[in-house]
Amino acid sequence: YEEILKTGKEDRAAYLGRGRALELKGELDAAAADYNEVVKLSTGGEMANIDSSLAAAYYSLGSIAMQQDKPKEAIDVLLKALAIKRTDADTMALLGSAYVKAGTPDKAVEPLRRAIMFVPVGWVEPYQTLAAAYTSSGDPELAEWADAMAAAQTGDSAGAMTRLQALTGGEAALDAMIGLGQIAEVGGDPTAAADWYR
């Protein structure tokens, strides 16, 4: 990446690549400087509102801000990333984590639930963060639903189903039934899954 940049061309892909390499090495300030170069080269452009490289730079800046325990800074750039790429589940999940870490768990719920809508199974972190958000905002049944779904993603399907069945008569009933359907479907039982979905 440095050889590309030595050519004198301000190559956004090279800044993104070197930024990612630096981030993986733990050189967060240097990585952020490269991502900020991408932002500088991209903002104000005719296609900035749909620029995937700009969205990636904002996401990476948000990731670095979270690693540096600066959740409010992360929120600012992650919202910019989402404005460009509205269906990016990774950005939604990281934004939810930033809201929880910033002490505003009520704001975390919406982006985390959207992330889960896009990737409902096989991804534990959004459910774990959502459980923490619901616990902090005083919604124990929804927190239990999210925690049970997190358990299902880590392989405890039987335990998760037992926990979710206990929630099918309360505030989290709809979420619990959908979760039961998803677990049954992933587990290869389409009949049970269809029954829960119905």
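Preceding this section is the structure that the text describes.
Computed from a prediction, not measured in an experiment: that's the story for all the values here. (Residues numbered from 1 in each chain as written. Predicted model: local features only at pLDDT ≥ 70, side-chain atom pairs only at ≥ 80, totals over all residues. Heavy atoms only, no water.)

Colleague: Where do I start with the side chain of D51 in this structure?
Modeller: Residue placement: D51 occurs in the loop between α3 (28–42) and α4 (52–67). Under the relative-accessibility criterion, D51 is labelled buried at 12%. A distance of 2.9 Å separates a polar side-chain atom of D51 from the backbone nitrogen of S53. Discounting chain neighbours no more than four positions away, the residues touching D51 are R12, S42 and I84. (Helix = DSSP H or I, 4+ residues; strand = E, 2+ residues; numbered from the N terminus. Buried < 20%, exposed > 50% of the residue type's maximum accessible area, 1.4 Å probe, protein only. Polar contact = N/O pair within 3.5 Å; in protein donor to acceptor, adjacent residues only side chain to side chain. Contact = heavy atoms within 4.5 Å.)

Colleague: Which parts of the structure should I look at to understand the environment of E3?
Modeller: As for its placement among the helices and strands, E3 is situated in helix α1 (residues 2–6). By relative accessible area, E3 is classed as exposed at 55%.

Colleague: Would you mind going over the layout of surface pockets with me for this structure?
Modeller: Space left empty within the atom packing is revealed by a probe, the size of a water molecule, rolled over the atoms. Counted as a void, the largest pocket has a volume near 190 Å³. The wall of the largest pocket is formed by R113, I116, M117, P120, Y127, W145, M149, D175, I178, G179 and Q182. Of all the secondary structure elements, the ones that give two or more residues to the lining of the largest pocket are α7 (105–118), α9 (140–153) and α11 (173–186). The element contributing the most residues to the lining of the largest pocket is α11, with four residues. Here the lining of the largest pocket is composed, by residue class, of seven nonpolar, two polar and two charged. (1 Å grid on protein atoms, 1.4 Å probe; cavity = no way out; pocket = protein on both sides within 12 Å on 5 of 7 lines; lining within 4 Å. Points joined across faces, edges and corners; volume = space filled by probe spheres on them. Nonpolar A, V, L, I, M, F, W, Y, C, P; charged D, E, K, R; others polar.)

Colleague: Even after reading the chapter, I still don't get the side chain of D88, so can you show me in this structure?
Modeller: One can find D88 in the loop between α5 (71–84) and α6 (89–101). One buried charged side chain, D88, makes no salt bridge at all; its nearest oppositely charged neighbour is K85, positioned 4.2 Å away. Looking at D88, its side chain comes within polar contact range of the main-chain nitrogen of D90, at 3.0 Å. (Lys, Arg positive; Asp, Glu negative; His and termini not counted. Salt bridge = Lys/Arg side-chain N within 4 Å of Asp/Glu carboxyl O.)

Colleague: Can you walk me through the environment of G170 in this structure?
Modeller: Summarising the element assignment, G170 is placed in the loop between α10 (157–165) and α11. Residues G170 and L142, 28 residues apart in the sequence, show an inter-C-alpha distance of 9.5 Å.

Colleague: What's the story with the packing of α4 against α5 in this structure? I'm lost.
Modeller: Each pair of packed helices can be described by the angle between their axes along with the distance between the axes. For the pair α4 and α5, the least separation of the axes is 8 Å and the interaxial angle reads 160°. Put simply, α4 runs roughly antiparallel to α5. Relative to α5, the crossing made by α4 is left-handed. Here L54, A55, Y58, Y59, L61, G62, A65 and M66 of α4 lie close against α5, whose contacting residues are P71, E73, A74, V77, L78, K80, A81 and I84. Per-class residue counts for the contact of α4 with α5 are 13 nonpolar, one polar and two charged. (Axes fitted to C-alpha atoms, helices over the stretch in contact; angles between N-to-C directions. Parallel < 35°, antiparallel > 145°, perpendicular 65-115°, else oblique. Left-handed = near helix turned anticlockwise from the far one by under 90°.)

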